[in-house]
Every structure is written in structure tokens, then in C-alpha cells.
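Spelled out from the first residue to the last, the chains are:
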Amino acid sequence: MKRTILVFGLLIVALLILFEISKRTYLSGDTSIELIIAVIAIVFFFIGIYINKRSLHKDSDQPHKVNHNKIKELNISNREYEVLCEIAKGLSNQEIATKLFVSESTIKTHVSNLLVKLNAKRRTQAIQISKELKLLPF
């Protein structure tokens, strides 16, 4: 986090220096406004590319691994794990039941068991805990 703040701080200082140099060269009459705008646009373009490479694609380099030992430790069955994955996708009990070819009451039982095993009060909390424990593949 400190490195990110430092990089953005240096970036802001560099841009302020660029603007100051641009202002002085324009006022002295050495360059035209179009050239100054072009230089600033090119600098912002490369800054955008740098930020895109550094921040947006950071997670794609490291694939998320599921902690299968933790799943066994919590005694989560295969079917309960399937239900947990579908909950994480945002599906309702009825949608999960239809997808897994079981009744809605069966899904409610699985959800209830998952909440107990994960020590969660709500489905959203169960998803959050699952992500922290690296139980989900995404």
C-alpha cells in the first residue's frame, strides 16, 4: 500500500512539473499550445497504460487455488460445496434446486448446514468467509 501511495505521489509531482514547464515554455513563446497539449496527452497515455498493466491484470497472473484441506476439515460434503458455489454466483434457492435437479427444501437444508459449518448468519456472510478461507474457485 505504501508503494502505491509513493508511486502515485511521484506521478502527481511529475505531472505538476510537466505542467509548470509547459506553462513557462508557452509564456516565453518558445512552443505552441498544440505541441504542449500533444506532449501532455502522450504522457497521460503512457501513464494509463502503466496503471492498466500494474493494477487491472494483477490477479490474472496468480490463479486462485481452492483449499481442499479446509473443505474436508469443515466437513463440507460435495453437494454442499456445489450449493456454496451456486450461492456465490448469486443464484436463489429455487434456481439452485432447478440447476441441481433437487427440491428447494433440500437446498434449504444444504444452505442451513453450510451456515452452521462456516459459522455464518447469512448467505452473504458465508460467501465472504468462504472467500477468506479460499474455498471458492473464483
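Note: the structure precedes this text.
Below is a short write-up of the structure.

Parameters at a glance
- Each chain carries its own residue numbering, running from 1 in the written order of its sequence.
- Thresholds applied to this predicted model are a pLDDT of at least 70 for local features of residues and 80 or more for the giving and counting of side-chain atom pairs; totals over whole chains, interfaces and linings are not thresholded and use all residues.
- Side-chain figures throughout are based on the complete set of non-hydrogen atoms in the structure, without hydrogens or water.
- For helices the rule is a DSSP run of H or I covering at least 4 residues; for strands it is a run of E covering at least 2, with both sets numbered from the N terminus onward.
- Burial classification: accessible surface area is computed with a 1.4 Å probe over protein chains only, and a residue below 20% of its type maximum counts as buried, one above 50% as exposed, and the rest as partly exposed.
- Convention adopted: a line fitted to C-alpha atoms gives each axis, helices being fitted over their contacting stretch, and angles between N-to-C directions are expressed from 0 to 180 degrees.
- Any angle between 65 and 115 degrees counts as roughly perpendicular, while under 35 counts as roughly parallel, over 145 as roughly antiparallel, and the rest as oblique.
- When the near helix sits turned anticlockwise from the far one by under a right angle, the crossing is termed left-handed; a clockwise turn instead gives a right-handed crossing.
- Two residues form a contact once any of their heavy atoms are found within 4.5 Å.
- Residues are grouped as follows: nonpolar covers Ala, Val, Leu, Ile, Met, Phe, Trp, Tyr, Cys and Pro; charged covers Asp, Glu, Lys and Arg; every other residue, Gly included, is treated as polar.
- The rule is short: rings of Phe, Tyr and Trp, with Trp giving its six-membered ring, pair when the centres are within 6.5 Å, and they are stacked under 30 degrees, edge-to-face over 60, tilted in between.
- Should a side-chain nitrogen of Lys or Arg be within 4 Å of a carboxyl oxygen of Asp or Glu, the pair is scored as a salt bridge.

### Thoughts on unusual backbone geometry
Non-glycine residue N119 carries a positive phi angle of around 55°. Mapping N119 onto the fold places it in the loop between α6 (104-118) and α7 (123-132). N119 sits in the exposed class, given a relative accessible area of 66%.

### Overview of the packing of helix α4 (residues 78-88) against helix α5 (residues 93-100)
Interaxial distance between α4 and α5 falls to 10 Å at its minimum, and their mutual angle equals 130°. One finds that α4 runs oblique with respect to α5. At the point where α4 passes α5, the crossing takes the right-handed sense. Here R79, E82, V83, E86 and I87 of α4 come into contact with α5, specifically with I96, K99 and L100. Considering only residue class, the contact of α4 with α5 consists of 4 nonpolar, no polar and 4 charged.

### Quick notes on the packing of aromatic side chains
Counted by the stated rule, this structure contains 2 aromatic pairs. When the centroid spacing of 6.5 Å and the interplanar angle of 35° are considered together, the rings of F19 and F44 count as tilted. Residue F19 is found in helix α1 (residues 2-28), and its partner F44 is found in helix α2 (residues 33-56); the two are separated by 25 residues along the sequence. Judged by its relative accessible area of 37%, F19 falls in the partly exposed class. According to the relative accessible area criterion, F44 is partly exposed, its value standing at 40%. With a centroid separation of 5.4 Å and 75° between ring planes, the pair formed by F45 and F46 is classed as edge-to-face. Take F45 and F46: they sit in the same class, and that class is exposed.

### What to know about the pattern of salt bridges
What the rule picks out here adds up to 7 salt bridges. Measuring nitrogen to oxygen at the nearest pair gives 3.1 Å for the salt bridge that ties K70 to E73. Here E73 and K70 lie together in helix α3 (residues 68-73), a separation of 3 residues that amounts to about one turn. Among the ionic pairs, E86 bridges to K99, the shortest N-O distance being 3.1 Å. Linking E86 in helix α4 with K99 in helix α5, this pair joins segments that are 13 residues apart in sequence.

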